[in-house]
Amino acid sequence: MATFSCVFLLTLAAAATGQEYQTLREISNTLLLNQLALSNVLAERDSGTTVIRKWLSELQSNLTSELAAMIREERTSLHDTLREVVRRELDGVLEGAPTTRDVASSLNSYQPGNHSCLTDRPADCLGYRRRGFNTSGVFNIYPGSCCQPVTVWCDMTTEGGGWVIMLARGPQMVQENFARLWEDYKTGFGNPHREYWIGNEVIHRMTEKVPTVLRIDAEDFEGNRKFGEWRKFSIANETELYRLSVGDIWVASTLRDDLAYNNQMAFTTLDRDNDNNKDNCAKLRTGGGWWYKDCSYCTPNSLMIDTDHYYNSSTWYHWNTSREAFTSLRWLQLKFRPLDSQGPSQMCAGQ
């Protein structure tokens, strides 16, 4: 196009003279300059397009690599989580499973005419501990009838073992719901492998006639662990609203005695308000049942979350000796066993 323009202008120039020639020359120069400028613009555009295309290609490649890495990481994390869940479940099953020794003992206790209810069955965890079971896990105990087992977690290692876990709390992928009604707290709920409440009726039955010691082991969100032991513990029957009775805390305990405030109080749940507060303390403390007075300095059955809003979490008020303030708990066990841990074993009582 530029060549044709120049030839055309030269032809005109040959036929022109003077002022006309000068004008044509200026037009020619202007056309050449514009052509050069246009060529530069087009070149820069093509170069910019190439850079942009290269950048987009590199960005796509980087994003693809990062996405693949994220997927691999998530898969690894998921696999690790699933393996941990399966491991915990298998550990619980294996620890609770009867051993050859247990089976042999049951066979030796077999009596003709009584095929379903063997009389030589432990009424508590201490009975299993004395039979040689020294690994904590899930066991069936028989605190009442030899035909009606209660499935519990037995702590076989703490201070000689033989502890029946009545309440287990701890970090879980899905926390157990403790915002329950009276009947649930009466009969028990949850999973002994994870979180559970053994049931007020069972606690009453096991502490009614046998002098019992209560122990609480707890841990805060900073990893600090403390314990407390009360050498007298029992709860009344349902007619008396499962009223709590505890003695003085053992002097060697590292927990301060926040449970004394709840002594002689009836049990309160969302649907049974037996506390001294004008409102229902169970409703104020995220639904957890407890022996509330004008509410409580300790709330084991509230949510297990790390928060400054103590009304929303499982707490212990006098946790720190340097200050008085509610401290959130991340792990907790309430457990009991006969006060005379060296005395005769408690066995089930017939059918």
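Note that the coordinates shown come from a computational prediction; the quantities given were computed from them, not determined experimentally.

What counts and how
Residues numbered from 1 in each chain as written. Predicted model: local features only at pLDDT ≥ 70, side-chain atom pairs only at ≥ 80, totals over all residues. Heavy atoms only, no water. Buried < 20%, exposed > 50% of the residue type's maximum accessible area, 1.4 Å probe, protein only. Helix = DSSP H or I, 4+ residues; strand = E, 2+ residues; numbered from the N terminus. Pairing = 2+ DSSP bridges. Core = buried A, V, L, I, M, F, W, Y, C linked by side-chain atoms within 4.5 Å. Contact = heavy atoms within 4.5 Å. pLDDT = per-residue confidence, 0-100. Disulfide = S-S within 2.5 Å. Phe/Tyr/Trp six-rings, centres within 6.5 Å; stacked < 30°, edge-to-face > 60°. Lys NZ or Arg CZ within 6 Å of the ring centre and 35° of its normal. Salt bridge = Lys/Arg side-chain N within 4 Å of Asp/Glu carboxyl O.

### Considering the pairing of strand S6 (residues 212-220)
Here's step 1: Most of S6 sits out of view: 9 of its 9 residues are buried.
Here's step 2: Side chains Thr212, Leu214, Ile216, Ala218 and Asp220 project from S6 onto one buried face, and the interleaved Val213, Arg215, Asp217 and Glu219 project onto a second face that is buried too.
Here's step 3: Of the pairings in the sheet, the one linking S6 to strand S11 (residues 327-338) comprises 9 bridges and is antiparallel in character. Note that in S11 the partner of Asp217 across the bridge is Gln333.
Here's step 4: Relative to strand S7 (residues 225-230), S6 is paired through 6 bridges, and the arrangement is antiparallel.

### What about the side chain of Arg121?
Here's step 1: Tracing the backbone shows Arg121 in the loop between helix H3 (100-108) and helix H4 (125-130).
Here's step 2: Since its relative accessible area comes to 19%, Arg121 is described here as buried.

### Topic: the nonpolar core
Here's step 1: By size, the foremost hydrophobic cluster in this structure holds 58 residues, and its most contacted members are Val152, Met166, Trp197, Ile198, Phe233, Leu259 and Trp291.
Here's step 2: Considering every element that reaches this core, the biggest residue donor is strand S3 (residues 163-169), with 5 residues.
Here's step 3: Aside from chain neighbours lying at most four places away, what touches Met166 is Tyr196, Trp197, Ile198, Ile203, Leu214, Phe233, Trp291, Leu334, Lys335 and Phe336.

### Comments concerning the environment of Pro171
Here's step 1: Tracing the backbone through its elements, the reader meets Pro171 in the loop between S3 and helix H5 (182-187).
Here's step 2: Residue class for Pro171 comes out partly exposed when judged on its relative accessible area of 41%.

### Topic: the confidence of the model for the protein chain
Here's step 1: Of all residues in the protein chain, 65% attain a pLDDT of 70 or more, and the chain-wide mean is 80.
Here's step 2: Note that residues 2-16 has pLDDT below 50 and, in this model, 10 contacts with residues that lie over four places away or in other chains.
Here's step 3: The low-confidence segment residues 92-115 (pLDDT under 50) makes 24 contacts with residues lying over four places distant or belonging to another chain.

### A short note on the state of the cysteines
Here's step 1: Within this structure, the stated rule accounts for 2 disulfides.
Here's step 2: Residue Cys125 pairs covalently with Cys154 via a disulfide, S to S 1.9 Å. Linking Cys125 and Cys154, the disulfide has an S-S dihedral of approximately -75 degrees and is accordingly described as left-handed. Remark: Cys154 occurs in strand S2 (residues 150-155) and Cys125 occurs in helix H4; sequence separation between them is 29 residues. Comparing Cys125 with Cys154 shows no difference in burial state: the two are buried.
Here's step 3: The disulfide partner of Cys281 is Cys295, and the S-S distance across this bridge is 2.2 Å. Since a negative S-S torsion denotes a left-handed disulfide, the Cys281-Cys295 link at about -100 degrees is left-handed. Linking Cys281 in helix H7 (residues 281-284) with Cys295 in the loop between H7 and strand S10 (315-316), this pair joins segments that are 14 residues apart in sequence.

### Remarks on the packing of aromatic side chains
Here's step 1: A complete count under the given rule lists 18 aromatic pairs for this structure.
Here's step 2: Seen in terms of ring centroids, Phe233 and Phe336 are 6.1 Å apart; in terms of plane orientation they differ by 45 degrees. Their pairing is tilted. Taken as a pair, Phe233 in strand S8 (residues 233-235) and Phe336 in strand S11 lie far apart in primary sequence, 103 residues in all. The same class applies to Phe233 as to Phe336, namely buried.
Here's step 3: Its guanidinium or amino end placed over the ring of Trp319, Lys226 lies 5.1 Å from that ring's centre, counting from NZ or CZ.
Here's step 4: The positively charged end of Arg231 is found above the aromatic ring belonging to Trp250, 4.4 Å away from the centroid.

### Structural notes on the pairing of S2
Here's step 1: Here S2 lies mainly inside the structure; 5 of its 6 residues are buried.
Here's step 2: Both strand S1 (residues 137-141) and S2 contribute to a ladder of 5 bridges, which runs antiparallel. Bridge pairing links Phe139 to Val152 in S2.
Here's step 3: As paired strands, S2 and S3 are joined by 2 bridges and run antiparallel to one another. The partner of Asp155 across the bridge, within S3, is Trp163.

### Overview of unusual backbone geometry
Here's step 1: With phi around 55 degrees, Thr286 is a residue other than glycine that occupies positive phi space.
Here's step 2: Tracing the sequence through the fold places Thr286 in the loop between H7 and S10.
Here's step 3: The phi dihedral of Cys295 falls on the positive side, at around 70 degrees, and the residue is not glycine.

### Structural notes on the pattern of salt bridges
Here's step 1: Scanning the model with the defined rule gives 13 salt bridges in all.
Here's step 2: We note a salt bridge from Arg180 to Asp184, for which the minimum N-O separation is 3.8 Å.
Here's step 3: Across the salt bridge formed by Glu229 and Arg215, the nearest N and O atoms sit 2.7 Å from each other. With Glu229 in strand S7 and Arg215 in strand S6, this pair connects stretches of sequence that are 14 residues apart.
Here's step 4: Taking the relative accessible area as the measure of exposure, Glu229 reaches 5% and is therefore buried.
Here's step 5: Overlapping salt bridges, with partners in common, bring together Asp155, Arg215, Asp217, Glu229, Arg231 and Lys335 in one network.

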